[in-house]
There are 2 protein chains.
Amino acid sequence: MNLDTYFPYQLASTAEAFSQKLVDVYGRSYGLSREEWRLFLLLADAKSLTSLELSQRTTLDKVQVSRAAKKLDDKNLITRSISETDKRLRVYSCTDAGVKLFAELFPKVELQAQSVLAHMSTSERNDLDRGLAALKRAISLHSSEQA
Amino acid sequence: MNLDTYFPYQLASTAEAFSQKLVDVYGRSYGLSREEWRLFLLLADAKSLTSLELSQRTTLDKVQVSRAAKKLDDKNLITRSISETDKRLRVYSCTDAGVKLFAELFPKVELQAQSVLAHMSTSERNDLDRGLAALKRAISLHSSEQA
DNA sequence: CCAGAATCATTGCATTTGCAACAATTAAAC
DNA sequence: GTTTAATTGTTGCAAATGCAATGATTCTGG
């Protein structure tokens, strides 16, 4: 089998390679994992979010959220507290240091992403956006029909 | 930040979700990991491949190949031997049991993939193929210009 | 032919991850 | 109102992973 023409492999390996380009920035320079970066993206411009909101708005499960949040807390980038309205939930928000780091880091990540995407034409980028959105929808439809 | 419109997240999460759909088949039913499945795909219709060829034709490094191959060997799906021409290299090939399992498993995986992709139009699938190919090329160009 | 550099597969070790279990809290049933 | 079920965050433990080190083999330059 030639993997170069096998769609599942092309999707997985291309996505992985692109993600690695971004990890090269926020990981190598600042020691953040993918999960930490993902939470950081959500918390950066929100006042505060609960653990439930974080789980729902990412693909991370509760263990991943708990562990990534703990690491961000250890780095003093976010704070964790117990929700007043539901003591089972946690409320997270960025510290000042977190906001500052994000303001510095995000443009670098964005620059890296754009410098890769700059090698694609506008029409190619539109194709990719539409194709991905369609695939995402297809996966969702498939899951609901299986249930 | 709304991750739903953020390209890097859309790419990563969609690719992960699609991959998981296939893992549901070859992983849940047969206990194979992504890495094992990837080697299995290459070895299934090849007489034999060396470790070097496997590394080059996948995104797996030598440690991943060594460990995945060991597990496939433990399951009696492939054989490992030392190359005659270069005793540093290993030569892998499917066992009869491996060939048989692959013949049974691959159609199931393919059916699963097609049943997801069936929810996309032909034009959407073409967009995705073209967009992915363009992104892959862009990543490659970006890497070479950095070097 | 030979000494040193290079390449390969494997292993040890530390970290990460997935999954089940657990304690704390809330919701539901009656 | 009380008991039971359900939900949440965390932790323990086993398996997986990344990375450096190692041993074995081959290549290189004289």
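Residues numbered from 1 in each chain as written. Chains lettered and ligands numbered in written order. Predicted model: local features only at pLDDT ≥ 70, side-chain atom pairs only at ≥ 80, totals over all residues.

Remarks on the relation of the copies chain B and chain A
Here is step 1 of the chain: Superposition of chain B onto chain A requires a rotation of 180 degrees combined with a translation of 0.0 Å along the rotation axis, giving an RMSD of 0.1 Å. Such a combination of turn and shift is consistent with a two-fold rotation axis. If distances are taken from each C-alpha of chain B to the rotation axis, the shortest is found for B:Asp127, at 2.3 Å.
Here is step 2 of the chain: Here 100% of the contact residues of chain B are again contact residues in chain A; the copies associate through an equivalent surface. (Least-squares fit on C-alpha atoms with pLDDT ≥ 70 in both. Contact = placed C-beta atoms within 7 Å.)

Quick look at the interface of chain B and chain A
Here is step 1 of the chain: In this complex, chain B contributes 41 residues to the contact, which on the side of chain A involves 41 residues.
Here is step 2 of the chain: Across the side of chain B that touches chain A, the residue classes tally to 23 nonpolar, 10 polar and 8 charged. (Nonpolar A, V, L, I, M, F, W, Y, C, P; charged D, E, K, R; others polar.)

Side note on the protein's contact with DNA strand D
Here is step 1 of the chain: A:Ser51, A:Lys62, A:Ser66, A:Arg88 and B:Lys87 are the nearest of the 15 residues found near DNA strand D.
Here is step 2 of the chain: Only α3 (51–57) and α4 (62–74) of chain A together with α4 (62–74) of chain B provide two or more residues apiece to the surface near DNA strand D.
Here is step 3 of the chain: Looking at the surface near DNA strand D, the element that brings in the most residues is α4(A), giving 3 residues.
Here is step 4 of the chain: Here the residues of the surface near DNA strand D sort into 4 nonpolar, 4 polar and 7 charged. (Near = placed C-beta within 6 Å. Helix = DSSP H or I, 4+ residues; strand = E, 2+ residues; numbered from the N terminus.)

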